[in-house]
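# Structure at a glance
Residues per chain are reported as follows:
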Amino acid sequence: MSDSTIRGRMEGKPKIAVVVGDLEHPRLLKMFCGLGDLMQFAIFTYNNSRVVNYHDTGLQLVLYDAIPDMPGYMRNLETDLKEYDAVITFETTRLTSFQASRAAKQHGLPLLVMTLEYNQDIYRDYPNIQAIQFDLMRNADSFLALSKRSERLLRGYGVEEDALFRLTPAVDTHKFSVDLAARQKFRNYIGIGANDIVILVQEDLEGYAHPEVCLQMLRHLKRDGYSEYSKIKVLFAGKGSAAQQEKYRAYDYGVAGQTLFLHQDINPFAKDLYCASDIVLKPQTNPTEFHESYPLPFLEAVA
């Protein structure tokens with residue numbers, strides 16, 4: 001393959017290609033590990049993506065170099081998929097999903113689409129993306145919705161009931177559980193006291209995630225004289241274009257002393273982070289937005 005590198009060899013069991021490109025939560029790919037006795041999975045992703053660095057599954061990777069003038073495109077993907085027995089892809093609006101759909105049709109492969117998107121109007125003015133959605137709706141054999149709203153959207157698009165499934169979330173409860181030693185270790189690492197109340201906000205620091213809502217909450221608690229205000233620490237675990245703006249906002253609101261910004265991917269120390277937190281907070285998305293994150297932080301935090 002000219003622009004891809006295959007790691008590992010697969011033979012014997014049915015071979016399933018999982019075309020992801022990149023994912024917000026690479027740990028989601030762990031869901032395929034439970035089927036390892038029945039099938040062999042290969043994850044199709046980009047070099048240097050979050051998936052490569054943090055998937056933590058042991059599954060084979062098929063790696064592609066990014067093409068600067070064609071973002072989201074995997075060169076030769078259609079040809080590479082002919083060696084597989086079935087294809088799984090993510091979302092109905094990605095260029096990689098369109099490529100996977102074309103390849104599945106060309107090679108006669110079953111195609112499963114996993115989706116989180118839920119707002120049918122967001123792409124009204126983007127005919128190219130609408131064309132990708134139409135192609136996926138027409139060619140996919142099955143759809144797996146990762147949220148109730150995504151399930152409703154797929155029904156609205158006319159997906160037949162026998163082709164539509166809903167994933168019941170689950171996490172590894174042995175990995176994500178209470179650990180007092182890990183709690184204290186992580187608190188010491190980031191400089192938080194044993195009696196502080198830690199509110200974790202694990203979101204991208206982007207406008208659509210509404211990090212400002214958490215700062216507004218702190219401002220109200222301070223203004224209302226909440227007795228435990230001095231113990232509250234809001235920990236933002238994420239990166240994004242709004243990071244600097246939210247730091248200034250915290251200062252302007254007079255709550256900078258109660259906030260911490262952790263600009264790292266939390267995958268390597270997720271368990272310790274959850275153990276160190278008392279509350280996990282997620283601002284609600286607006287009705288005009290199109291994508292809701294998979295609720296992995298909530299599920300792991302309560303495991």
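Calculation rules
- Residues numbered from 1 in each chain as written.
- Predicted model: local features only at pLDDT ≥ 70, side-chain atom pairs only at ≥ 80, totals over all residues.
- Heavy atoms only, no water.
- Pairing = 2+ DSSP bridges.
- Helix = DSSP H or I, 4+ residues; strand = E, 2+ residues; numbered from the N terminus.
- Contact = heavy atoms within 4.5 Å.
- Axes fitted to C-alpha atoms, helices over the stretch in contact; angles between N-to-C directions.
- Parallel < 35°, antiparallel > 145°, perpendicular 65-115°, else oblique.
- Left-handed = near helix turned anticlockwise from the far one by under 90°.
- Nonpolar A, V, L, I, M, F, W, Y, C, P; charged D, E, K, R; others polar.
- Expected span 1.5 Å × (residues − 1).
- Buried < 20%, exposed > 50% of the residue type's maximum accessible area, 1.4 Å probe, protein only.
- Arc of directions from axis to C-beta.
- Salt bridge = Lys/Arg side-chain N within 4 Å of Asp/Glu carboxyl O.
- Right-handed = clockwise from strand over helix to strand, strands pointing away.
- Phe/Tyr/Trp six-rings, centres within 6.5 Å; stacked < 30°, edge-to-face > 60°.
- Lys NZ or Arg CZ within 6 Å of the ring centre and 35° of its normal.
- Core = buried A, V, L, I, M, F, W, Y, C linked by side-chain atoms within 4.5 Å.

Bringing the sheet that holds strand β12 (residues 279–280) into the picture now. Within a sheet, adjacent strands bond to each other through the backbone by hydrogen bonds, running parallel or antiparallel. Ordered by their spatial adjacency, four strands build an open sheet running β11-β10-β9-β12, and the pairing between neighbours is parallel. A strand with exactly one partner marks an edge of an open sheet, and here the two such strands are β11 (259–262) and β12. The strands that helix α7 (residues 212–223) touches are β9 (197–201), β10 (232–237) and β11; relative to β10, the one it contacts most, it runs at about 170 degrees.

A separate point is the packing of α7 against helix α8 (residues 243–253). Two measures define how a pair of helices packs: the angle their axes make with one another and the distance between the axes. It is the contact of α7 with α8, at a shortest axis distance of 10 Å, that shows an interaxial angle of 15 degrees. The pairing of α7 with α8 is recorded here as roughly parallel in orientation. Seen from above, α7 lies across α8 with right-handed handedness. In contact with Glu212, Leu215, Gln216 and Arg219 of α7, α8 contributes Glu246, Arg249, Ala250 and Tyr253. When the residues that make up the contact of α7 with α8 are grouped by side-chain class, the tally is three nonpolar, one polar and four charged.

Its 13 residues place the ends of helix α4 (residues 127–139) 18 Å apart at the C-alpha level, agreeing with the 18 Å of an ideal helix rising 1.5 Å per residue. Ile132, Gln133, Asp135, Leu136 and Asn139 are the residues of α4 that are buried. One side of α4 holds all its buried residues, which, seen down the axis, span an arc of 160 degrees. Of the residues in α4, the exposed ones pointing more than 90 degrees away from the buried face are Pro127, Phe134 and Arg138. Looking at the packing, one finds that the buried side of α4 touches β5 (86–90), α3 (95–107), β6 (111–115) and β7 (142–145).

This part is about the pattern of salt bridges. In this structure the tally under the stated criterion is ten salt bridges. As a salt-bridge pair, aspartate 135 and arginine 102 come within 2.4 Å of each other at their nearest N and O atoms. Remark: arginine 102 occurs in helix α3 and aspartate 135 occurs in helix α4; sequence separation between them is 33 residues. With a closest N to O distance of 3.1 Å, arginine 155 and glutamate 151 form a salt bridge. Highlighted residues: arginine 155 and glutamate 151, both in helix α5 (residues 148–156), separated by four residues, approximately one helical turn.

Summarising burial for β6: four of the five residues are buried, a large majority. Relative to β6, β5 runs parallel, the two sharing four bridges. Residue pairing across strands places valine 87 opposite leucine 111, the latter belonging to β6. Each parallel crossover has a hand, and for β5 linked through α3 to β6 it is right-handed.

It is worth spelling out unusual backbone geometry at this point. Even without a glycine there, the phi angle at asparagine 76 is positive, about 75 degrees. Mapped onto the elements of the fold, asparagine 76 is located in the loop between β4 (60–64) and α2 (77–80). Of note, the phi angle at glutamate 91 is positive, near 70 degrees, even though the residue is not glycine. By the secondary structure assignment, glutamate 91 is in the loop between β5 and α3. When its relative accessible area of 5% is taken as the criterion, glutamate 91 is described as buried.

Bringing the packing of aromatic side chains into the picture now. Taken as a whole and assessed by the stated rule, the structure comprises six aromatic pairs. When the centroid spacing of 5.1 Å and the interplanar angle of 40 degrees are considered together, the rings of phenylalanine 32 and phenylalanine 41 count as tilted. Residue classification places phenylalanine 32 among the buried residues on the basis of a relative accessible area of 6%. One aromatic cluster is present, built from ring pairs that chain together Phe44, Tyr64 and Tyr84. The ring of tyrosine 84 carries the charged tip of lysine 15 above its face, separated from the ring centre by 5.5 Å. Sitting above the plane of the tyrosine 253 ring, arginine 219 keeps its charged end 3.9 Å from the centroid.

Residues Val19, Phe44 and Leu81 are the most contacted members of the largest nonpolar core, which totals 27 residues. Taken together, the elements giving at least two residues each to this core come down to β2 (15–21), β3 (40–46), β4, α3, β6, α4 and β7.

As a further point, take the packing of α3 against α4. Two elements in contact, α3 and α4, have axes separated by 9 Å at closest approach and are oriented at 35 degrees. For the pair α3 and α4, the sense of crossing is left-handed. Between α3 and α4, the contacting residues are Leu95, Ser97, Phe98, Ser101, Arg102 and Lys105 on the first element and Ile132, Asp135, Leu136, Arg138 and Asn139 on the second. Here the contact of α3 with α4 is composed, by residue class, of four nonpolar, three polar and four charged.

Limitation: the analysis is restricted to geometry and does not speak to function.
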